[in-house]
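Per-entry structural report
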Amino acid sequence: MMSLLENCKLCPRACGADRTKTRGVCGAGASVEAARASLHLWEEPVISGANGSGTVFFSHCSLGCVFCQNHEISAQGVGKAVSVGRLRVIFRELIRQGAHNINLVTPGHFAPWVAQALEPSLPVPVVCNTGGYERVETLRLLEGKVQVYLPDMKYALEEPARRLSGAGDYPAAARSAICEMFRQTGPYQMRDGLLVRGVLIRHLVLPGQLDNT
């Protein structure tokens, strides 16, 4: 794991930071940081269901979206360090509370630790909830451990991606990432009104920017 952090290329920015000594462009260092873990009743209905989704909000983010609804977590790094063992305990606590799934929000910059925490497999589906700005190689660390991918597809054009999220390469990166997600999961599968396998894409429609759709 340390080799992945000493020249970090977990996200498309591939900043090369030595996260054992400093923080990457995303703001993450050498340990997992999480801001909140709880049952979430306000995700997409096929994710939250009646009981809620067992959601873990990870600190920091590789994007810099000016409209981020979780700005304190993503940009300001609100949260605290948690071990892989504690992360696994959190998953189990949420399942005991009745969570339909374990919902990992923006986990990409912590993917090596998350992959460890997901072994052995959990008795409920695992959802990877992401802004869509992911590297295919990083997603492959989660292959077989994630059953549902919940990515954004924020932009079709480079200019608004650069201006609003600081990532002109977002459209190409997100397309490649979503194709990899689908390769891993295959077509969607539903059970009792809940998504248990597959990819659910959220597309951002910005005011006055239909050309970006």
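For the structure, see preceding data.
First, a word on scope: everything that follows refers to the structure included in this document. Within each chain, residue numbers correspond to sequence positions counted from 1 in written order. In keeping with the model being predicted, local features are shown solely for residues with a pLDDT of at least 70 and side-chain atom pairs are shown and tallied solely at 80 or more, while totals for entire chains, interfaces and linings include all residues. Calculation of side-chain values draws on the structure's entire complement of heavy atoms; hydrogens and water are dropped beforehand.

Details of the pattern of salt bridges
Every case where a carboxyl oxygen of Asp or Glu lies within 4 Å of a side-chain nitrogen of Lys or Arg is listed as a salt bridge. Under the defined criterion, the tally for this structure stands at 12 salt bridges. The salt bridge involving arginine 23 is made with glutamate 33; its shortest N-O contact spans 2.9 Å. Here arginine 23, found in the loop between α1 (2–6) and β1 (32–40), pairs with glutamate 33, found in strand β1; they are 10 residues apart in sequence, far enough to count as distant. Buried, partly exposed and exposed residues are distinguished by accessible area as a fraction of the type maximum, computed with a 1.4 Å probe on protein chains only: under 20%, between the cut-offs, and over 50%, respectively. Look at glutamate 33 and you get buried, because its relative accessible area is 9%. Note that glutamate 158 and arginine 162 form a salt bridge whose closest N and O atoms lie 3.7 Å from each other. With a gap of 4 residues between them, glutamate 158 and arginine 162 both fall in helix α7 (residues 158–165), about one helical turn apart. Only runs of H or I of at least four residues qualify as helices and only runs of E of at least two qualify as strands under DSSP, and these elements are numbered from the N terminus.

Brief notes about the pairing of strand β2 (residues 53–58)
Burial within β2 is extensive, with 6 of its 6 residues counted as buried. In terms of strand pairing, β1 meets β2 through 6 bridges, oriented antiparallel. Paired with leucine 39 across the bridge in β2 is glycine 54. Examined bridge by bridge, β2 and strand β4 (residues 102–105) share 4 bridges and lie parallel to one another. Considered in β4, the bridge of phenylalanine 57 is made with valine 105. A pair of strands is labelled paired if DSSP reports no fewer than 2 bridges between them.

A few points about the side chain of arginine 19
Looking at the secondary structure, you find arginine 19 in the loop between α1 and β1. A residue counts as positive if it is Lys or Arg and as negative if it is Asp or Glu; His and the chain ends are not included. For the buried residue arginine 19, which engages in no salt bridge, the nearest side chain bearing the opposite charge is glutamate 33, 7.0 Å off. A polar contact is formed between the side chain of arginine 19 and the backbone oxygen of alanine 28, at a distance of 3.3 Å. By definition in these notes, contact holds between two residues if any of their heavy atoms fall within 4.5 Å. Setting aside anything within four residues of it in sequence, one finds arginine 19 in contact with Leu5, Cys8, Leu10, Gly24, Ala28, Gly29, Ala30, His109, Phe110 and Trp113. We define a polar contact as two N or O atoms separated by no more than 3.5 Å, with the added condition that, inside protein, one atom must be a possible hydrogen donor and the other a possible acceptor, whereas residues neighbouring each other in sequence contribute only through side-chain atom pairs.

Considerations on the environment of leucine 150
As for its position among the elements, leucine 150 is in strand β6 (residues 148–153). Sequence separation between leucine 150 and alanine 99 is 51 residues; the distance between their C-alpha atoms is 17 Å. Apart from the residues within four sequence positions on either side, leucine 150 is in contact with Glu43, Glu44, Ile47, Val127, Cys128, Asn129, Thr130, Leu200 and Arg202.

Quick word on the nonpolar core
By size, the foremost hydrophobic cluster in this structure holds 47 residues, and its most contacted members are Val56, Phe58, Leu87, Phe91, Leu104, Val114 and Tyr170. The dominant element in this core, judged by the number of residues it contributes, is helix α8 (residues 170–185), at 6 residues. Among all residues touching phenylalanine 91, those that are not within four sequence positions of it are Val56, Ile102, Leu104, Ala117, Leu118 and Leu122. Buried Ala, Val, Leu, Ile, Met, Phe, Trp, Tyr and Cys residues that are joined via side-chain atoms within 4.5 Å together make up what is termed a nonpolar core. Core analysis: the next-biggest nonpolar cluster, separate from the first, contains 5 residues, Ile47, Val148, Leu150 and Leu195 among them.

Comments concerning the packing of aromatic side chains
A pair of Phe, Tyr and Trp rings is counted when the ring centres sit within 6.5 Å of each other, with Trp represented by its six-membered ring. The angle between the planes then sorts it: under 30 degrees is stacked, over 60 is edge-to-face, the rest tilted. Across all of its chains, the model carries 4 aromatic pairs by this definition. Aromatic pair phenylalanine 110 and tryptophan 113: ring centres 5.8 Å apart, planes at 65°, arrangement edge-to-face. Exposure class is identical for phenylalanine 110 and tryptophan 113. Each is buried. An angle of 90° between the planes, with centres 5.4 Å apart, marks the rings of tyrosine 155 and tyrosine 170 as edge-to-face. Of this pair, tyrosine 155 sits in the loop between β6 and α7 while tyrosine 170 sits in helix α8; the two residues are 15 residues apart in sequence, bridging distant segments of the chain. Judged on exposure class, the residue tyrosine 155 and its partner tyrosine 170 are both buried. Here the aromatic cluster, defined as three or more aromatic residues joined through ring pairs, consists of Phe58, Phe110 and Trp113.

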